[in-house]
Every structure is written in C-alpha cells, then in structure tokens.
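# Coordinates in review
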Amino acid sequence: MKYMLLINSSASDTESADGASFEEWMTYDKDVRESGVHVSGHSLADLTTATTVRVGPSGERTVTDGPFAETREILGGYYVIDVPDLDVALDWAARCPGARGGGSVVVRPIAEFD
C-alpha cells in the first residue's frame, strides 16, 4: 500500500534548528531509496516562493503570494512509500529526521481509484 509522508517543520524553526543535520537527511533518503519502498519524494522550496490560487463562485481567479497565514507548521517536503501496512509506514515516519526538533511527519494513505 502506498503512503505519503508529509514532512512539516515548526514555523519558528530555522533550517539549521530542525534537529537534524544534512548528513542525517542524506542517510535517511539513501535508506528509503535502497530499501525499495521509495516511490517518489521532493523537498519544497522556501515558503516565501509559494503562490496561492483561489477561484470564486463566478469563476474569477485570485492569485496571491504565500500562504502567509499564521501557522504552527510548514510543509517542507514529502515522500511517497510503498509498504505492506500502516505500521511499516509509521516506522519509516518515526525514522525521518523531520519528525524531530519540533517537526512532525503526517502519514496519509494514497487513495487509488481503479
């Protein structure tokens, strides 16, 4: 079954204060890939580069910088993994460096429509 691991960091964290070194992230990424569970994944660019699109009831499009709403967590990246069950997905999430230092990893099953 496929699961998405959504990696969130604290909005107050700096890149170096997330509790994990670059080397730890590289080791985790290598472990995910070499284990054979990796489907896809990416790190997201800084939140200041984000753009939000909203479409109103009459179809008008509004484009704004951001999101810049007050938030406690910022989505920093994701992995999609293919594992036998939720327990294995939770194990991979717990190993993720992003789960430490005020961060979190949200585990969501991927809906597949046949």
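The coordinates are above.
Given the structure is predicted, the values throughout are model-derived calculations rather than measurements.

What follows deals with the sheet that holds strand 1 (residues 2-10). Within the open sheet, the four strands sit side by side as 2-5-1-6. Their pairing is antiparallel. Strand pairing shows two members of the sheet lacking a second neighbour, strand 2 (38-43) and strand 6 (104-109), which therefore form its edges. Strand after strand, the sheet turns through a mean of 20 degrees between neighbouring axes, direction not considered. Summarising the sheet, strand 1 and strand 6 pair through six bridges and their orientation is antiparallel. Looking at strand 6, one finds that Tyr 3 is bridged to Pro 109.

Here we take up the pattern of salt bridges. Scanning the entire structure with this criterion turns up three salt bridges. Salt-bridge contacts for Arg 100 lead to Glu 24; the nearest nitrogen and oxygen are separated by 3.0 Å. Taken as a pair, Arg 100 in the loop between helix 2 (86-95) and strand 6 and Glu 24 in helix 1 (residues 22-35) lie far apart in primary sequence, 76 residues in all. You can call Arg 100 partly exposed: its relative accessible area is 33%. Residues Arg 33 and Asp 29 are paired through a salt bridge, measuring 2.8 Å at the closest nitrogen-oxygen approach. A residue pair is termed a helical-turn pair when its members lie 3 or 4 positions apart in one helix, as Arg 33 and Asp 29 do in helix 1 at four residues. Classification of Arg 33 as partly exposed rests on a relative accessible area of 44%.

Another point: the packing of aromatic side chains. For any two aromatic rings, the description comes down to two numbers: the centre-to-centre distance and the angle of the planes. This structure, assessed with the given rule, holds two aromatic pairs. Seen from their ring centres, Tyr 28 and Tyr 79 are 5.5 Å apart, and the 85 degrees between their planes marks the pair as edge-to-face. Of the two residues, Tyr 28 sits in helix 1 while Tyr 79 sits in strand 5 (residues 73-82), which places them 51 residues apart along the sequence. Per residue, the accessibility class of Tyr 28 equals that of Tyr 79, and both read buried. Ring geometry for Tyr 28 versus Trp 92: centroids 6.1 Å apart, planes at 65 degrees, classification edge-to-face. Taken together, the residues span a long stretch of sequence, with Tyr 28 in helix 1 and Trp 92 in helix 2 at a distance of 64 residues. Given the relative accessible area of 4%, Tyr 28 is considered buried. Among the residues examined, Trp 92 registers a relative accessible area of 9% and is labelled buried. Taken together, the ring pairs in this structure connect Tyr 28, Tyr 79 and Trp 92 into an aromatic cluster. One Lys or Arg, Arg 95, reaches over the ring of Trp 92 and ends 4.2 Å from the middle of that ring.

Procedures and definitions
- Residues numbered from 1 in each chain as written.
- Predicted model: local features only at pLDDT ≥ 70, side-chain atom pairs only at ≥ 80, totals over all residues.
- Heavy atoms only, no water.
- Pairing = 2+ DSSP bridges.
- Helix = DSSP H or I, 4+ residues; strand = E, 2+ residues; numbered from the N terminus.
- Axes fitted to C-alpha atoms, helices over the stretch in contact; angles between N-to-C directions.
- Salt bridge = Lys/Arg side-chain N within 4 Å of Asp/Glu carboxyl O.
- Buried < 20%, exposed > 50% of the residue type's maximum accessible area, 1.4 Å probe, protein only.
- Phe/Tyr/Trp six-rings, centres within 6.5 Å; stacked < 30°, edge-to-face > 60°.
- Lys NZ or Arg CZ within 6 Å of the ring centre and 35° of its normal.

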